[in-house]
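Overview (structure and organization)
Next come the chains, spelled out residue by residue.
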Amino acid sequence: MADALCGPSTALQTFQKQTSADRTLQQDRLTARQVPAESFRSLPGPNTGILDAEFEAFQAGHPLQAGYPEPDLFYHGPPAKSFQRNIGQQPSPDWASDFQNLHLNEARASPIPQAQFHQHVPLQRTGGWHQDFSSQQDQLSPYQPQQQKRPADQNYSGWSYGYTGGLMPQHNTTLSRMAQQKQPERRAEDVYDEVAFERAFDAAREEMQQSEESAHRKNTQVDEGLHDTKDEESQGWLDHNQIGSDVILDEAQKREEEGKEADDGEELARTAGQLLENVKGDQSQKFQESNFLSLMRQLRDKEVRVEGDKLVDVSNSSFTS
Amino acid sequence: MLEYRTQAFNGYAVKYSPFFDSRIAVASSQHFGLVGNGRLYVLGLTSKGIVAEKWFDTQDSLFDLAWSETHENQVLVAAGDGSIKLFDIGLDEFPIQSWKEHMREVFAVHWNLVSKDTFCSSSWDGTIRVWNPTRPTSLFTLPIHSCTYSATFSPHSPSLLSSVSSDSHFRLFDLRTPASASNHLVLTIPIHSAQASTQLSSTQVPGPAGQFPPNEALTHDWNKYRSSIVATAGVDRLIRTFDIRAPGQGPLVILPGHDYAVRRVTWSPHLSDTLLSASYDMTCRIWTDGSAKSEPIHAGVEGFGGDQGRELGRMGRHTEFVCGVDWCLFGSEGWVASTGWDERLCVWDVREFMGP
């Protein structure tokens, strides 16, 4: 290591420094930025900028959350944009303190609500903090009055509450789709009082167990449903792919098998008979002397049989073609 | 007339080398192709007659052959077991490449004459396959859904491919079109369709309003000078010409005359109106489709022309079904080779057999 640090730098070491740096975040951001550069696209995509706030927070070293939110399946239109604007106005570190202002006081007064808040996090299993926030507000309807206690400049969360409420069914689907994603468990722990947390957790654990199980079951069902659809789709696609020549080949194989079942000798004799029937009227010398037609006659009269790769004369006299 | 006896093997196809005027290849089969082996003859025309320069035996019957357009020593053969083999006549015994994808007998192989880097094959399994000789598998498959006796590339375009099949249809594929549900198929002409009234000819075969029942089509060929003209023939004993620019108008010319099915038809490489056919009636016949009326042709055929096509002559030397004919590309325009089930290859000049 000392050599690597102090010794003469080699090209390989320099290269290693370049490649070992993780630039995936910057790259993601850069590719996302290219979208508006295309002039014919008047509207940026629904997901444009959705990571920006989180990226800024990450760069600033704030423990915002553990994973990316999955891009929202549903384009929410202009509301999404105003939502983003709100994010810009309110730098992400603020939201944590908002939470503290909101809930922590209550939590200290009575452990139950805080416990509910904490158990709510695993329930939601969502990647996007804003979705967490808004849907949590949805389901914590008893605490709506408390939200109103927030400072007046916090209007965005109140607004997003109404928005989420209006689109609740869709939002649920989105949430269940995000179920696999690692949930941001550590968000508030550092801020909250550990002891109060433990106490609240123990107290509420039993109470929430049932609802958690049922919710989990529901989620799994939705997930299974999704998988089922995918399976069906992929199978359907495979079926569709087998058209044209493949189907022909199948038919040919079937025909081949059927052909083998039938008696080849009989078949050949019949065909030869038909052929001779067709040329029966022809009295020309050539046709009378034709080797091929005489072979056909022998086949028809079963004087000659096909055995493997050879024509075998059944009527003793040696056969030459 | 020169002759060569393909002892114990019945000829199915003959082709002149595109590189040497003295080299001919014959694809043949034992026992008329019913059972037994196949043999590819490579014959040389010498001052001492026709001599076998080389031959290759194959496990299964051979039904067609095509010379490579890129290598003067290589020949393709179509075999009864569904395989296609490429032989190098500089080597002994074994093919240098063998492709086995067709499920049934392969009836035709044809090299792309323009791009020269692909060839096609057609089979009883109802498909045409297009191949590159350097690749182990086919490039793509064109489904026909009917036993396809004949498939050829257009001599005028590297991407036009045509076929005729048992269902009495001529099909044209344009490989430039996207490979969509139609599989490059751009044109289908029912060969048995009625002639347009403006095309009614003196050679019109009597029939109810020019209607014909569908019959198996066995062979077809592109005119070497008029890029939209093809000739087809088959079990109904008639040779027809079509213009692919006007597929709806039916055959341009119908040439009756053969007593049995026509096994092969080929346009002259020298004359734009001249056809050669081989038939199960044991004759080869020379035809004009009547399109060269005003053109001064060489002195020997002043009688050419007339408004409609007609038979110019016939060669009856073969004593069994004639299956293969080919024009010589070199020298004077009349030389052809024919082969049939009488174990004979005949090299002859069509002018010997043409009437006054």
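Residues numbered from 1 in each chain as written. Chains lettered and ligands numbered in written order. Predicted model: local features only at pLDDT ≥ 70, side-chain atom pairs only at ≥ 80, totals over all residues. Heavy atoms only, no water.

What follows is about the overall build of chain B. Helix and strand content of chain B: 0 helices and 28 strands. A buried classification covers 62% of the 356 residues belonging to chain B. Restricting to contacts in chain B with at least 6 residues of sequence separation, those with at least 24 account for 48%. For chain B, the exposed area adds up to about 12,800 Å²; of that, 51% sits on carbon and sulfur atoms. (Helix = DSSP H or I, 4+ residues; strand = E, 2+ residues; numbered from the N terminus. Buried < 20%, exposed > 50% of the residue type's maximum accessible area, 1.4 Å probe, protein only. Contact = heavy atoms within 4.5 Å. Areas by Shrake-Rupley, 256 points an atom, 1.4 Å probe, with all protein chains shown as cover.)

This paragraph deals with the overall build of chain A. When you go through chain A residue by residue, the secondary structure sums to 16 helices and 2 strands. Here chain A holds 321 residues, and the buried ones make up 32% of them. Look at the contacts in chain A between residues 6 or more apart in sequence, and 68% of them connect residues 24 or more apart. About 20,700 Å² of surface is accessible on chain A, with carbon and sulfur atoms providing 52% of the total.

Of the residues lining the interface, 29 residues belong to chain B; the matching set on chain A comes to 27 residues. Summed over both sides, the interface between chain B and chain A buries roughly 2,200 Å², with carbon and sulfur atoms accounting for 66% of that surface. Between chain B and chain A we count 0 salt bridges in total. Counting every contact that joins chain B to chain A gives 6 residue pairs in polar contact (both at pLDDT 80 or more). (Buried area = accessible area lost by both parts, 1.4 Å probe. Salt bridge = Lys/Arg side-chain N within 4 Å of Asp/Glu carboxyl O. Polar contact = N/O pair within 3.5 Å; in protein donor to acceptor, adjacent residues only side chain to side chain.)

Attention shifts here to the pattern of salt bridges. Where side chains of opposite charge bring their charged atoms close, a pairing between them can arise. All names here are of chain B. Applying the stated rule across the entire model yields 25 salt bridges over all chains. The salt bridge involving Arg344 is made with Glu3; its shortest N-O contact spans 3.1 Å. On the criterion of sequence distance, the pair formed by Arg344 in strand β28 (residues 344-349) and Glu3 in strand β1 (residues 2-5) is long-range, its members being 341 residues apart. Judged by its relative accessible area of 16%, Arg344 is buried.

Per the counting criterion, the structure on display carries 21 aromatic pairs over all chains. Considering the side-chain rings of B:Trp99 and B:Trp131, the 6.0 Å spacing of their centres and the 50° angle between planes classify their relative orientation as tilted. With B:Trp99 in strand β9 (residues 97-100) and B:Trp131 in strand β12 (residues 127-131), this residue pair connects regions lying 32 residues apart in the sequence. Here B:Trp99 and B:Trp131 have matching classes, each one buried. An aromatic cluster is built from A:Phe287, A:Phe292, B:Tyr12, B:Phe32, B:Phe63, B:Phe107, B:Tyr149, B:Tyr260, B:Tyr280, B:Phe321 and B:Trp341, whose rings are joined through pairwise contacts. Between B:Arg237 and the ring centre of B:Tyr260, over which it is positioned, the NZ or CZ distance is 5.5 Å. (Phe/Tyr/Trp six-rings, centres within 6.5 Å; stacked < 30°, edge-to-face > 60°. Lys NZ or Arg CZ within 6 Å of the ring centre and 35° of its normal.)

This brings us to the environment of B:Leu161. All names here are of chain B. Its location among the elements puts Leu161 in strand β15 (residues 160-165). The class for Leu161 is buried, based on a relative accessible area of 0%. Note: C-alpha distance between Leu161 and Val130 (31 residues apart in sequence) is 9.6 Å. Non-local contacts of Leu161, meaning those with residues more than four positions away in its chain, are made with Cys120, Ile128, Val130, Leu142, Thr152, Phe153, Arg171, Leu172 and Phe173.

All right, on to the nonpolar core then. Counting 25 residues, the largest nonpolar core has A:Phe287, A:Phe292 and B:Trp341 as its most contacted members. Within the residue set of this core, elements represented by two or more residues are α14 (264-278) and α16 (291-300) of chain A. With 5 residues, the single largest contributor to this core is α16(A). Residues within four places of A:Phe287 in sequence aside, it is in contact with A:Val279, A:Asp282, A:Leu293, A:Arg297, B:Tyr260, B:Tyr280, B:Asp281, B:Met282 and B:Phe321. (Core = buried A, V, L, I, M, F, W, Y, C linked by side-chain atoms within 4.5 Å.)

Within this structure's numbering, the places UniProt gives as "repeat: WD" (unreviewed entry) are residues 99-141 and 255-287 of chain B. Across residues 255-287 of chain B, helical content stands at 0% and strand content at 52%; the span's end C-alpha atoms are separated by 8 Å. (UniProt positions renumbered as here; feature names shortened; annotations may be inferred.)

Let us now look at the sheet that holds β9(B). All names here are of chain B. If you trace the 4 strands from one edge of the open sheet to the other, you get β6-β7-β8-β9, paired in antiparallel fashion. Whereas interior strands pair on both sides, the edge strands pair on one side only; in this sheet they are β6 (62-67) and β9. Along the sheet, successive strands turn relative to each other by an average axial angle of 20°, direction set aside. Two strands pair when backbone bridges link them, and strand β8 (residues 83-88) and β9 are joined in this way by 4 bridges, in the antiparallel orientation. Across the sheet, Ile84 pairs through a bridge with Trp99, a residue of β9. (Pairing = 2+ DSSP bridges. Axes fitted to C-alpha atoms, helices over the stretch in contact; angles between N-to-C directions.)

Okay, the pairing of β8(B) next. Residues and elements named next belong to chain B. Counted residue by residue, β8 has 6 buried out of 6 residues, so it is predominantly covered. Residues Ser83, Lys85 and Phe87 line one face of β8 and the alternating positions Ile84, Leu86 and Asp88 line the opposite face, and both faces are buried. Relative to β8, strand β7 (residues 74-79) runs antiparallel, the two sharing 5 bridges. Bridging from a neighbouring strand, Ala78 pairs with Ile84 of β8. Between the end of β7 and the start of β8, which pair antiparallel, lie 3 residues, with Gly82 showing a positive phi angle near 90°.

Turning our eyes to something else, we now look at the sheet that holds strand β2 (residues 10-16) of chain B. Residues and elements named next belong to chain B. Across the sheet, which stays open at both edges, the 4 strands sit in the order β2-β3-β4-β5 with antiparallel pairing between neighbours. At either end of the open sheet lies a strand with only one pairing partner, and these are β2 and β5 (49-58). Neighbouring strand axes in the sheet, compared pairwise and without regard to direction, differ in orientation by 25° on average.

Here the phi dihedral of A:Lys302 falls at roughly 60°; this positive angle occurs in a residue that is not glycine. By the element assignment, A:Lys302 lies in the loop between α16 and β1 (304-307). Non-glycine residue B:Lys116 carries a positive phi angle of around 65°. By the element assignment, B:Lys116 lies in the loop between β10 (106-111) and β11 (119-123).

All names here are of chain B. On the secondary structure map, Ser162 appears in strand β15. Side-chain polar atoms of Ser162 contact the side chain of His220, separated by 2.7 Å. Within polar-contact distance, the side chain of Ser162 engages the side chain of Trp222 at 2.7 Å. Residues within four places of Ser162 in sequence aside, it is in contact with Ser150, Ala151, Thr152, Phe170, Arg171, Leu172, His220 and Trp222.

Here we take up α14(A). All names here are of chain A. The terminal C-alpha atoms of α14 lie 21 Å apart, and with 15 residues this matches the ideal 21 Å at 1.5 Å per residue to within 8%. Of all the residues in α14, the buried ones are Ala269, Ala272, Gly273 and Leu276. Projected onto a plane normal to the axis of α14, the buried residues spread over an arc of 105° and lie on a single side. Exposed residues on α14 whose side chains face more than 90 degrees from its buried face are Asp264, Gln274 and Asn278. Considering only its buried residues, α14 is in contact with α16. (Expected span 1.5 Å × (residues − 1). Arc of directions from axis to C-beta.)

Right, let's talk about the side chain of B:Asp221 for a bit. Residue and element names in this part refer to chain B. Within the secondary structure, Asp221 sits in strand β18 (residues 217-222). Polar contacts involving the side chain of Asp221 include one to the side chain of Lys224, which spans 2.7 Å. In this structure the side chain of Asp221 is engaged in a polar contact, spanning 2.8 Å, whose partner is the backbone nitrogen of Trp267. The residues contacting Asp221, other than those within four sequence positions of it, are Ile229, Val230, Ala231, Val265, Thr266 and Trp267.

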